[in-house]
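Spelled out from the first residue to the last, the chains are:
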Amino acid sequence: MHFRLLACLLLGIGAAQAIDDYKLGPLSQENASVPKGTVIQMPAWAESKIYPGTTRDWWIYVPAQYKPDQPANLMVFQDGHDYVGLKGAWRVPTVFDNLIASGGMKPTIAVFVNPGHDGKAELKSAWKSNNRSKEYNTLGGTYARFLLEEILPQVQQEYKLTEDPEGWAIGGASSGAICAFTVAWERPDKFRKVFSTIGSYVDLAGGHVYPYQIRINERKPIRVFLQDGANDLDNPFGNWPIANRQMAKALDFMKYDYRFEFGDGQHNSKHGASLFPEAMKWLWR
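Owing to the predicted nature of the structure, the values given are computational and were not obtained by experimental measurement.

Cut-offs used in this document
- Residues numbered from 1 in each chain as written.
- Predicted model: local features only at pLDDT ≥ 70, side-chain atom pairs only at ≥ 80, totals over all residues.
- Heavy atoms only, no water.
- Phe/Tyr/Trp six-rings, centres within 6.5 Å; stacked < 30°, edge-to-face > 60°.
- Helix = DSSP H or I, 4+ residues; strand = E, 2+ residues; numbered from the N terminus.
- Buried < 20%, exposed > 50% of the residue type's maximum accessible area, 1.4 Å probe, protein only.
- Contact = heavy atoms within 4.5 Å.
- Core = buried A, V, L, I, M, F, W, Y, C linked by side-chain atoms within 4.5 Å.
- Salt bridge = Lys/Arg side-chain N within 4 Å of Asp/Glu carboxyl O.

### Points about the packing of aromatic side chains
Turning to step 1, where the next piece is worked out: All chains considered together, the criterion is met by 23 aromatic pairs.
Turning to step 2, where the next piece is worked out: Judged by centre distance (4.9 Å) and plane angle (75°), the ring pair of F181 and Y210 falls under edge-to-face. Placement of F181 in helix 6 (residues 175-186) and of Y210 in helix 7 (residues 210-216) is noted, with a sequence separation of 29 residues between them. Across the pair, Y210 and F181 agree in class, each one buried.

Quick look at the structure:
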């Protein structure tokens, strides 16, 4: 039994009251004394040769400490719209401002990329982008190529990024999480750090094979932070809590540098976002 639920039962409090009640900590709050980075909304990306016919919004965060003569680290976020805001769950610019200022991270440029939409239907929400599942849940190297051949060269035209793969990270939630893992799995020569929350390591498009693939392949030089909750999804595609536990067990079996945080959350960002600053410290240590 998870310790949060056990504590509630011992205290005579209904367990349901304790479910998924995670809160953001001080490192997710703006601090007037901390230098603020800049968020730039880039022109919509509509010239993809890898995903032809799609268009997408994307943003770049540049820390205040960035200097052109000192190459910065990089972190890419899928479903970028969910991470770039200052008032949402993740508040990545604020967290990065605070961690970089305190020395918890080196100066790191963040790139926030939305999934593509092919324009055949009205885009009512970025979550409803009609190319999202194809891009995020499909295994193989296609999405990694999209980042490395299309998006990141555009970033590198303006900003100097480190060429050390230990300085490149990628993250996401749900399908964005398995997408992040796939990029690092396929291209550890470029990306060495993965931040995965409520990851969809189930059979949406074959992702349930990863625990097996981790066990039978030579260990790759990647570091992985995993999060999930006991009340995550359970549907015909699979059971998300079991799938994430299997991922953790496989990473442990192969002696990966990994960390797994398992709580009582549902399929949302509450637990992951509450852990995000400490996860960044761990991932970038």
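### Points about the side chain of S269
Turning to step 1, where the next piece is worked out: Looking at the secondary structure, you find S269 in the loop between strand 10 (257-263) and helix 9 (270-283).
Turning to step 2, where the next piece is worked out: Residue S269 is classed as buried on the basis of its relative accessible area, which comes to 15%.
Turning to step 3, where the next piece is worked out: With sequence-adjacent residues up to four places away left out, S269 is seen in contact with D82, A89 and W90.

### Quick word on the nonpolar core
The nonpolar side chains of a soluble globular protein tend to be buried, and buried together.
Turning to step 1, where the next piece is worked out: Within the largest apolar cluster, 52 residues are counted, with the highest numbers of intra-cluster contacts made by V111, L147, L152, F181 and F191.
Turning to step 2, where the next piece is worked out: The contact partners of L152, leaving out residues within four places of it in the chain, are L74, V76, V111, L147, W168 and F191.
Turning to step 3, where the next piece is worked out: In terms of nonpolar packing, the next biggest core, distinct from the first, is built from 28 residues, M75, V84, A169 and M280 among them.

### A word on the pattern of salt bridges
Turning to step 1, where the next piece is worked out: As enumerated under the stated definition, the model contains eleven salt bridges in all.
Turning to step 2, where the next piece is worked out: Note that K193 is salt-bridged to E166, the shortest N-O span being 3.5 Å. Placement of K193 in strand 6 (residues 193-197) and of E166 in the loop between helix 5 (142-158) and strand 5 (168-173) is noted, with a sequence separation of 27 residues between them.
Turning to step 3, where the next piece is worked out: In this structure K193 comes out as buried when scored by relative accessible area, which is 5%.
Turning to step 4, where the next piece is worked out: Note that D257 and R285 form a salt bridge whose closest N and O atoms lie 3.0 Å from each other. With D257 in strand 10 and R285 in the segment after helix 9, the pair connects residues that are 28 residues apart, well separated along the chain.
Turning to step 5, where the next piece is worked out: We classify D257 as partly exposed; its relative accessible area is 28%.

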